[in-house]
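Chain residues, written in single-letter form:
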Amino acid sequence: MPSVAVLEQKKAIVETLAEQMKGAASVVLVNYQGITVEDDTKLRSELRKENVEYKVIKNTLISRACDIAGLEGVNDVLNGMTAIAICKDDQIAAARVLGKYAKNHDNFVLKAGFIDGKLTGAEDLKALAELPSKEVLIATVLGTLNAPITALAVALQAIADKQEA
């Protein structure tokens, strides 16, 4: 039987994790089995750059935290070695970094996740991982909107230059 101190520590972990999950834009669960310490260090560094918190937590604690946070349907994938990535402000940052990493490491597998509180399967996470970052998408849209105006300005300038000559 575990001691009272250990149980209190586990309760605190579950409560903290549940609060993080409630306020998160995205949560991604992965099987991290078979990666080296060096690779794990690089992965954590990339995740920190994207403001993604990455932890290795026991499956039972993740399951209880999901129940508290109101996130359902994840118990089927909570087996084996599980790590959790939580991002507060970007829906695809965690999936993008982890998906890119999974492409290069066969043992590293995306299991499932939650995007804005909705369960997302591994295939959907892989599709999200292919999307460019929010900043790149915004720049692309702005560039597309700016192109016709720029073309008009260049054409008008060419007409003006032709008349001056």
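Everything discussed here concerns the structure shown above.
Residues numbered from 1 in each chain as written. Predicted model: local features only at pLDDT ≥ 70, side-chain atom pairs only at ≥ 80, totals over all residues. Heavy atoms only, no water.

Chemist: Before we go on, may I ask you to explain the overall build of the protein chain in this structure?
Modeler: Counting secondary structure elements, the protein chain contains 6 helices and 5 strands. Going from the N terminus to the C terminus, the protein chain shows its helices and strands as α-β-α-β-α-β-α-β-β-α-α. Taken over C-alpha atoms, the radius of gyration comes to 22 Å for the protein chain, far larger than the 15 Å a tight globule of 165 residues would show. Overall size of the protein chain, expressed as C-alpha extent along the three principal axes, is 95 × 30 × 25 Å. Sorting the 165 residues of the protein chain into buried and exposed places 38% on the buried side. Expressed as a percentage of contacts within the protein chain between residues at least 6 apart in sequence, the contacts between residues at least 24 apart total 80%. About 10,200 Å² of surface is accessible on the protein chain, with carbon and sulfur atoms providing 57% of the total. In the protein chain, the 19 positive side-chain charges and the 22 negative ones have mean positions that sit 4 Å from each other. (Helix = DSSP H or I, 4+ residues; strand = E, 2+ residues; numbered from the N terminus. Rg over C-alpha atoms; globule rule 2.2 N^0.38 Å. Buried < 20%, exposed > 50% of the residue type's maximum accessible area, 1.4 Å probe, protein only. Contact = heavy atoms within 4.5 Å. Areas by Shrake-Rupley, 256 points an atom, 1.4 Å probe, with all protein chains shown as cover. Lys, Arg positive; Asp, Glu negative; His and termini not counted. Charge placed at Lys NZ, Arg CZ, Asp CG, Glu CD.)

Chemist: I keep staring at the layout of surface pockets and nothing clicks. Help me out?
Modeler: The method is simple in principle: a probe with the dimensions of a water molecule rolls over the atoms, and the space it marks as empty is what remains. There is about 220 Å³ of room inside the largest pocket. Asp39, Lys42, Leu43, Glu46, Lys49, Glu50, Arg96, Val97, Lys100, Tyr101, Asn104 and His105 together form the lining of the largest pocket. Among the elements of the structure, helix H2 (37-49) and helix H4 (93-104) are those that each provide at least two residues to the lining of the largest pocket. Residue composition of the lining of the largest pocket, by class: 3 nonpolar, 2 polar and 7 charged. (1 Å grid on protein atoms, 1.4 Å probe; cavity = no way out; pocket = protein on both sides within 12 Å on 5 of 7 lines; lining within 4 Å. Points joined across faces, edges and corners; volume = space filled by probe spheres on them. Nonpolar A, V, L, I, M, F, W, Y, C, P; charged D, E, K, R; others polar.)

Chemist: Help me understand the pairing of strand S4 (residues 109-115) in this model?
Modeler: Each regular strand displays side chains that alternate between the two surfaces of the sheet. Counting buried positions along S4 gives 6 out of 7 residues, so the element sits mostly inside the fold. Across 6 bridges, the pairing between strand S1 (residues 26-31) and S4 is antiparallel. Among the inter-strand pairings, Asn31 is bridged to a residue of S4, identified as Val109. In sequence, S4 turns back onto strand S5 (residues 118-121) through a hairpin of 2 residues, with Asp116 there showing a positive phi of about 50 degrees. (Pairing = 2+ DSSP bridges.)

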